[in-house]
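Chain by chain, the residues run as shown.
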Amino acid sequence: MTLTAQPAEPTLDDLARDILRRNDRGGYTVPTGGLYPFQWNWDSAFVALGFAEFDRNRAWQEIESLVSAQWEDGMIPHIVFHQHDAGYFPGPEVWNTGRTPPTSGITQPPVLASVVRQLWEQEGADPSHPRMRALYAACLKSHRWFHTYRDPLGNGLVMVTHNWETGRDNSSEWDHALDRIDTSGVGSYQRRDTGHVDAAMRPTQREYDRYVAILQFGRSSGWDHRVIADQGPFRMIDVGMSMMLLRANRDLLALAEAIGDEAAADELRGRVALSEQGMDWLWNEEVGAFCSRDVITGESSGLVTNASFLAFYAGVGTPAQRQRLLDALERMGRSAQYLLPSLEAGSRDYDHRRYWRGPIWLVVSYMVARGLAEQGQADWAERIRADSTRLIIRSGFYESFSPETGEGSGGGDFSWTAAMWLAWCGQ
Ligand code: GLC
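Residues numbered from 1 in each chain as written. Predicted model: local features only at pLDDT ≥ 70, side-chain atom pairs only at ≥ 80, totals over all residues. Heavy atoms only, no water.

- If you open the UniProt record of the chain and go to Sequence similarities (unreviewed entry), you find "Belongs to the glycosyl hydrolase 63 family." (UniProt positions renumbered as here; feature names shortened; annotations may be inferred.)

So, in structure tokens, the structure goes:
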């Protein structure tokens, strides 16, 4: 009698690597097939951390392919349309930015410099590392773009001119600002997102019309970033991007110092100090958290979101402010089965299944946990990591997860979720 060996069950590591390989379109990955068929900015940064665990070359390449679409003015676009796909709206013909390869006309959270530093340190932190040096130059140019076009208050915080720039597309933080957007000229268009995932998870039609109206303003300006910054219909200081840029400036500073680029190092030190002081503008004493604020009206969103906790990642906040943030974390930890929800339960429009109004995104959880660990809160960092692990074990590699049931939401086989498993929570 011969015994035939049973093929071993694939491990979660195997599955995660397989997702990255399958979502690889040749030098860049799509967030997931179908719903998001192009290259997205901050997705690629996190995906690079996943590739770094098993294919170093491919990790660098992921970022290089994104940066190859950087604009002359320094902006790194939020989507690069490397190849045609009719299944997405708004596609390149709607953005009409006139770029080769075609791109959107807005950006996304500036996490690239932080990831470049991580990749470089993993390889021994050699100051002459050619791939690091090339990406350092691109990141510096992109950070300068933020300072030139996106710091209207001169306090080192980041203004966004479209809610899609924040990466937290449908957060309730944008609701009041979006209410004021005139949609009378939007015309008809066909959404594609609701053909891929349950409409109950996606933004409503009313919200989508506003997103399109803001896009149309940018297009009508010929994607003139000065005009958009000065006159755009949507102008918010985003707490998430402000925290991430502060962190990224510190990481870029470490690269500048290693390279010996003294002039840039001085400039970056100044930027870091400015943002550290400026961050208080976002503190909302009533709710006890850093919240986004409208540049036009000065109104604070008054909402505790997962981005509020990036204060630890950015290394800001007085001891009293940090304590209030930990109190909020404690509340969220009690009301949710899993940390870290994108919106505190009980807030207006909280919905554990709808985009950025409750569900968990592991990339934000990862940055928050890193920050907590660095700032002496190892127990909280570990709780977030352990919950993230449980989510993947329970539901697989979804785009996002319900903090109440742990069920997956949005797209499946998601690249950055797989990457977070490999680089962080599955370790
Ligand atoms: C959604 C998310 C955004 C992400 C994109 C691709 O638009 O809100 O953060 O970059 O999907 O995953």
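1. Looking at the overall build of the chain
- When helices and strands are counted, the chain shows 17 helices and nine strands.
- Each principal axis of the C-alpha atoms in the chain carries an extent, and together these give about 80 × 55 × 50 Å.
- Split into buried and exposed, the 427 residues of the chain put 59% on the buried side.
- Expressed as a percentage of contacts within the chain between residues at least 6 apart in sequence, the contacts between residues at least 24 apart total 71%.
- When the accessible area of the chain is evaluated, it comes to approximately 15800 Å², of which 47% is carbon and sulfur surface.
- Distance from the positive charge centre (41 side chains) to the negative charge centre (56 side chains) of the chain: 1 Å. (Helix = DSSP H or I, 4+ residues; strand = E, 2+ residues; numbered from the N terminus. Buried < 20%, exposed > 50% of the residue type's maximum accessible area, 1.4 Å probe, protein only. Contact = heavy atoms within 4.5 Å. Areas by Shrake-Rupley, 256 points an atom, 1.4 Å probe, with all protein chains shown as cover. Lys, Arg positive; Asp, Glu negative; His and termini not counted. Charge placed at Lys NZ, Arg CZ, Asp CG, Glu CD.)

2. Remarks on the nonpolar core
- Core analysis: the biggest nonpolar cluster contains 138 residues, and Phe46 and Phe290 have the highest contact counts within it.
- When sequence neighbours within four positions are dropped, the list of residues in contact with Phe46 reads Val111, Val363, Tyr366, Met367, Trp416, Ala419 and Met420. (Core = buried A, V, L, I, M, F, W, Y, C linked by side-chain atoms within 4.5 Å.)

3. Some words on the sheet that holds strand S3 (residues 159–160)
- With antiparallel pairing, the three strands of this open sheet are ordered in space as S3-S4-S7. One side of each edge strand has no neighbouring strand; the edge strands of this open sheet are S3 and strand S7 (293–294).
- Sheet analysis places strand S4 (residues 236–237) next to S7, joined by two bridges and oriented antiparallel. Bridging across to S7, Ile237 finds its partner in Arg293. (Pairing = 2+ DSSP bridges.)

4. Thoughts on the site of the ligand
- The environment of the ligand is made up of Pro31, Tyr36, Trp40, Trp42, Asp43, Gln108, Gly167, Asp169, Trp356, Glu399, Phe414 and Trp416.
- The separation between an oxygen atom of the ligand and a polar side-chain atom of Tyr36 is 3.2 Å.
- Taking Gly167, its main chain carries an N or O atom lying 2.5 Å from an oxygen atom of the ligand.
- For the ligand, the accessible surface in isolation is 300 Å², of which the surrounding protein chains cover 97%.
- Considered class by class, the residues forming the shell around the ligand number seven nonpolar, two polar and three charged. (Near = heavy atom within 4 Å. Polar contact = N/O pair within 3.5 Å; in protein donor to acceptor, adjacent residues only side chain to side chain. Nonpolar A, V, L, I, M, F, W, Y, C, P; charged D, E, K, R; others polar.)

5. Describing helix H2 (residues 41–51)
- Among the eleven residues in H2, eleven count as buried, and that is most of the element.
- Residues Asn41, Trp42, Asp43, Ser44, Ala45, Phe46, Val47, Ala48, Leu49, Gly50 and Phe51 constitute the buried set of H2.

6. So, the side chain of Ser104
- Residue position: Ser104 is located in the loop between helix H4 (92–95) and helix H5 (112–122).
- A polar side-chain atom of Ser104 sits 2.7 Å from a polar atom in the side chain of His78.
- A polar side-chain atom of Ser104 sits 3.5 Å from the main-chain carbonyl oxygen of Ile106.
- Setting aside residues no more than four positions away along its own chain, Ser104 makes contact with Trp71, Met75, Pro77, His78, Ile79, Phe81, Trp95 and Thr97.

7. Focus: the environment of Val239
- Mapped onto the secondary structure, Val239 falls in helix H11 (residues 239–259).
- On the accessibility criterion, Val239 (0% relative accessible area) is buried.
- Sequence separation between Val239 and Thr305 is 66 residues; the distance between their C-alpha atoms is 9.5 Å.
- Sequence-distant contacts of Val239, defined by excluding residues within four places in its chain, comprise Arg168, Glu173, Leu282, Phe290, Cys291, Ser292 and Ala307.

8. Notes on the packing of aromatic side chains
- Inspection of every chain in the model, using the stated rule, returns 27 aromatic pairs.
- Their ring planes at 65 degrees and their centres at 5.1 Å tell us that Tyr36 and Trp40 sit as a pair that is edge-to-face.
- Taking the centre distance of 5.1 Å and the plane angle of 80 degrees together, the rings of Trp145 and Phe146 count as edge-to-face. Phe146 matches Trp145 in its accessibility class, with the two residues each being buried.
- Across from the ring centre of Tyr355, 4.3 Å away, lies the NZ or CZ of Arg202, which sits over that ring.
- Above the face of the Tyr313 ring, Arg247 is positioned so that its terminal group lies 4.4 Å from the ring centre. (Phe/Tyr/Trp six-rings, centres within 6.5 Å; stacked < 30°, edge-to-face > 60°. Lys NZ or Arg CZ within 6 Å of the ring centre and 35° of its normal.)

9. Section: the environment of Gly317
- When you line up the elements, Gly317 lands in the loop between helix H13 (310–314) and helix H14 (319–335).
- Accessibility expressed as a relative area gives 28% for Gly317, which makes it partly exposed.
- The sequence separation of Gly317 and Ile76 amounts to 241 residues, and the corresponding C-alpha distance is 29 Å.
- With residues up to four places along the chain from it excluded, the contact list for Gly317 reads Phe290 and Arg322.

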